[in-house]
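Architecture and fold: a report
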Amino acid sequence: MLGRVNHIAIAVPDLAAAAASYRDVLGARVSAAQSLPEHGVTVVFVELPNTKVELLEPLGEASPIAAFLEKSPSGGMHHICYEVDDILAARDRLVAGGARVLGDGTPKTGAHGKPVLFLHPKDFFGTLIELEEV
Ligand code: CO
């Protein structure tokens, strides 16, 4: 069911500093910052040969990563995104297997314009999983 790692997302308290660190210290190619108000984040994409890292900074009052950064003020890995061919088939299989899909189970349009779902971290060893249909 799972395909490639689409991206790994890291929540950061200071996006400009994190982007500079990835660019200047780690020598990676980083995008300009993009604000995604509908997702409550500002994001920088770090382009790697085999995947992407997304650096996420909270945007707005109801950001989904604000609570995460309260618990981990210096930042940390927020989620990993796996690609799937058919997100509804994947959801049905997961729900049948007892996994919890966050929200109402209806895929939303993710940061890349594709349908996404999130799976409860307690069902997958403490890691928030995003599924993206590609
Ligand atoms: Co993501």
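Our subject in this report is the structure included herewith. If you're wondering where the values come from, they're calculated on a predicted model, not measured in any experiment. (Residues numbered from 1 in each chain as written. Predicted model: local features only at pLDDT ≥ 70, side-chain atom pairs only at ≥ 80, totals over all residues. Heavy atoms only, no water.)

1. With respect to the overall build of the chain
Quick reminder of the rule: Labels follow the DSSP assignment, with helices taken as runs of H or I lasting at least four residues and strands as runs of E lasting at least two, numbered in each case from the N terminus. Within these notes, the globule rule equals 2.2 Å times the number of residues to the 0.38 power, and the radius of gyration is based on C-alpha atoms. In this description, contact between two residues means that some pair of their heavy atoms is separated by no more than 4.5 Å.
The secondary structure content of the chain amounts to 3 helices and 9 strands. Scanning the chain from its N terminus toward the C terminus, one meets helices and strands in the order β-α-β-β-β-β-α-β-α-β-β-β. Its C-alpha radius of gyration of 15 Å places the chain within 12% of the 14 Å reference for a compact globule of 134 residues. Summarising its shape, the C-alpha atoms of the chain cover approximately 45 × 30 × 25 Å along the three principal directions. Expressed as a percentage of contacts within the chain between residues at least 6 apart in sequence, the contacts between residues at least 24 apart total 54%.

2. Brief notes about the nonpolar core
The criterion, for reference: Here the nonpolar core consists of buried residues drawn from Ala, Val, Leu, Ile, Met, Phe, Trp, Tyr and Cys, with membership extended through side-chain atoms lying within 4.5 Å. Accessibility here uses a 1.4 Å probe with only protein chains present; expressed as a share of the type maximum, an area under 20% marks a residue as buried, one over 50% as exposed, and anything in between as partly exposed.
Grouped together as the largest cluster of nonpolar side chains are 12 residues: Ile 80, Tyr 82, Val 84, Ile 87, Ala 90, Leu 94, Ala 99, Val 101, Leu 117, Leu 119, Ile 129 and Leu 131. Those elements giving two or more residues to this core turn out to be strand S6 (76–84), helix H3 (87–96), strand S8 (115–119) and strand S9 (128–133). Leave out the neighbours within four places in its chain, and Leu 117 touches Ile 87, Arg 91, Val 101, Gly 105, Thr 106, Pro 107, Ile 129, Glu 130 and Leu 131. Formed by 10 residues, the second largest nonpolar core is a distinct cluster that contains Ala 28, Val 44, Val 46 and Leu 55.

3. Regarding helix H1 (residues 15–25)
An α-helix turns once every 3.6 residues. As a result, residues three or four positions apart point the same way. Convention followed: Arc, as used here, means the arc of the directions from the helix axis to the C-beta atoms. Pairs of N or O atoms within 3.5 Å make up the polar contacts considered here, provided that, within protein, one atom can donate a hydrogen while the other can accept it, and that residues adjacent in sequence are counted only when both atoms are side-chain atoms.
Those residues of H1 lying buried are Leu 15, Ala 18 and Ala 19. The buried residues of H1 occupy an angular sector of 100° when the element is viewed end-on, so they sit on one face. What points out from H1, more than 90 degrees from its buried face, is the exposed set Ala 16, Asp 24 and Val 25. For H1, the side-chain oxygen to backbone nitrogen distance between the N-cap and Ala 16 is 3.2 Å, and the N-cap itself is Asp 14.

4. Comments concerning the pairing of S8
Note the threshold: Two strands qualify as a pair provided DSSP detects at least 2 bridges between them.
Pairing geometry for strand S7 (residues 108–109) and S8, over 2 bridges, is antiparallel. Counterpart to Lys 108 in the pairing with S8 is Val 116. Hairpin connection from S7 to S8: 5 residues lie between these consecutive antiparallel strands, with Gly 113 at a positive phi of about 80°. Relative to S9, S8 runs antiparallel, the two being bridged by 4 bridges. Within S9, the position partnered with Phe 118 by the bridge is Glu 130.

5. Digging into the pairing of strand S1 (residues 5–11)
In terms of burial, S1 is a largely internal element, 5 of the 7 residues being buried. Bridge analysis of S1 against S6 gives 6 bridges, and the strand direction is antiparallel. In the sheet register, His 7 faces S6, and the bridge partner there is Cys 81. Sheet analysis places S1 next to strand S5 (residues 52–58), joined by 5 bridges and oriented parallel. Looking across to S5, one finds that Ile 8 is bridged to Val 53.

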